[in-house]
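A closer look at the structure
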Amino acid sequence: MTQPPNQTRTRCSWANGDPLMEAYHDAEWGVPVHDSRELWEMLVLESFQAGLSWRTILHRREGFRRAFEGFDPAVIAGYGPDKVEQLMQDEGIIRARAKIEATIGNARAYLRMKAEGRDFSEFVWSFVGGSTVVNDGLVLPAQTEVSQALSKALKAEGFKFVGPTIVYAFMQAVGMVDDHHPDCFRRADASA
């Protein structure tokens, strides 16, 4: 049985009207991610979203991947002032010095946790008991008690640009919560 074309699918309304957003929604948003490095990459991208739209970030994601050398925390942790200046000139990313510097610091925090034998995936997923929290999909909060707690814990680890609203968007993106609309075709299988 073949699936209907994407245009005929009922999806969350925020994803409609932009082919890249539709593809992201259909294949990625809300799908549980347990790979520590991938989780860290998404947290970095969400931190760059602060004050902007996810559409803006998504349309520059490949530019971010190129500029930040595949989001390798070990490489990024070694960035110094010269690399920051180079990134500030890169039109393929959001050129916000504080966010760039936060990314470097966040790479160092990630690596410190790893050196201490703490898995980043286990750390973040522990805040939802290791499995996806399924919400009603009708009320989409900007933040929750869980995102506030995870935000506080990340900040205690030295992470920056990880406020509770950014963290909640991260949780939605990586499938820690399922906020797909009840009529969305992804609702039934996003948490699988």
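Not measured: the values here are computed from a predicted model.

About the criteria used
- Residues numbered from 1 in each chain as written.
- Predicted model: local features only at pLDDT ≥ 70, side-chain atom pairs only at ≥ 80, totals over all residues.
- Heavy atoms only, no water.
- Helix = DSSP H or I, 4+ residues; strand = E, 2+ residues; numbered from the N terminus.
- Rg over C-alpha atoms; globule rule 2.2 N^0.38 Å.
- Buried < 20%, exposed > 50% of the residue type's maximum accessible area, 1.4 Å probe, protein only.
- Areas by Shrake-Rupley, 256 points an atom, 1.4 Å probe, with all protein chains shown as cover.
- 1 Å grid on protein atoms, 1.4 Å probe; cavity = no way out; pocket = protein on both sides within 12 Å on 5 of 7 lines; lining within 4 Å.
- Points joined across faces, edges and corners; volume = space filled by probe spheres on them.
- Nonpolar A, V, L, I, M, F, W, Y, C, P; charged D, E, K, R; others polar.
- Phe/Tyr/Trp six-rings, centres within 6.5 Å; stacked < 30°, edge-to-face > 60°.
- Expected span 1.5 Å × (residues − 1).
- Salt bridge = Lys/Arg side-chain N within 4 Å of Asp/Glu carboxyl O.
- Axes fitted to C-alpha atoms, helices over the stretch in contact; angles between N-to-C directions.
- Parallel < 35°, antiparallel > 145°, perpendicular 65-115°, else oblique.
- Left-handed = near helix turned anticlockwise from the far one by under 90°.
- Contact = heavy atoms within 4.5 Å.

In this section: the overall build of the protein. Along the protein, the regular secondary structure elements total ten helices and two strands. Start at the N end of the protein and walk to the C end: the helices and strands fall as α-α-α-α-α-α-α-α-β-α-α-β. A compact globule built from 192 residues should have a C-alpha radius of gyration of about 16 Å, and the protein, at 17 Å, falls within 12% of that. Within the protein, the fraction of its 192 residues that count as buried is 47%. Accessible surface computed for the protein: about 9400 Å², of which carbon and sulfur atoms make up 53%.

Looking at the largest pocket, its volume works out to about 380 Å³. Every residue lining the largest pocket is counted, 18 residues in all, and those nearest its centre are W29, Q49, W54, A169 and Q172. Of all the secondary-structure elements, those providing two or more residues to the lining of the largest pocket are α2 (36-49) and α10 (164-173). The dominant element in the lining of the largest pocket, judged by the number of residues it contributes, is α10, at six residues. Class assignment of the residues belonging to the lining of the largest pocket gives a composition of 13 nonpolar, four polar and one charged. Taken as a whole, the second largest pocket spans an internal volume of roughly 190 Å³. What lines the second largest pocket is a set of 14 residues, among which E28, V33, E38, M42 and R61 lie closest to the centre. Secondary-structure elements contributing two or more residues to the lining of the second largest pocket are α1 (19-27), α2 and α4 (61-67). Sort the elements by how many residues they give to the lining of the second largest pocket and α2 lands first, with five residues.

In this structure the tally under the stated criterion is 14 aromatic pairs. Between W14 and W29, the aromatic rings sit 4.9 Å apart at their centres with planes inclined by 70°, giving edge-to-face as the arrangement. Taken together, the residues span a long stretch of sequence, with W14 in the segment before α1 and W29 in the loop between α1 and α2 at a distance of 15 residues. We classify W29 as buried; its relative accessible area is 7%.

The next subject is helix α7 (residues 97-115). For α7, spanning 19 residues, the distance from its first C-alpha to its last is 27 Å, which sits close to the expected 27 Å at 1.5 Å a residue. If you check which residues of α7 are buried, you get K99, I100, A102, T103, I104, N106, A107, A109, Y110 and M113. Remark: G117 follows α7 within two positions and exhibits a positive phi of approximately 80°.

Let's shift gears to the pattern of salt bridges. Here the structure, examined in full by the defined rule, presents 13 salt bridges. The salt bridge involving R66 is made with D90; its shortest N-O contact spans 2.9 Å. Remark: D90 occurs in the loop between α6 (81-88) and α7 and R66 occurs in helix α4; sequence separation between them is 24 residues. With a closest N to O distance of 2.6 Å, R97 and E85 form a salt bridge. Of this pair, R97 sits in helix α7 while E85 sits in helix α6, and the two are twelve residues apart along the sequence. In this structure E85 comes out as partly exposed when scored by relative accessible area, which is 36%. Through salt bridges with shared partners, a single ionic network connects R37, E41, E62 and R65.

The next thing to look at is the packing of α2 against α10. Angle between the axes and distance between the axes are the two parameters that describe a pair of packed helices. Look at α2 against α10: their axes get within 9 Å of each other, and the N-to-C directions meet at 135°. Classified by the angle their axes make, α2 and α10 are oblique. For the crossing formed where α2 meets α10, the hand is right-handed. Across the interface between the two elements, L39, M42, L43, E46 and S47 of α2 pack against I166, A169, F170 and A173 of α10. Tallied by class, the residues present in the contact of α2 with α10 amount to seven nonpolar, one polar and one charged.

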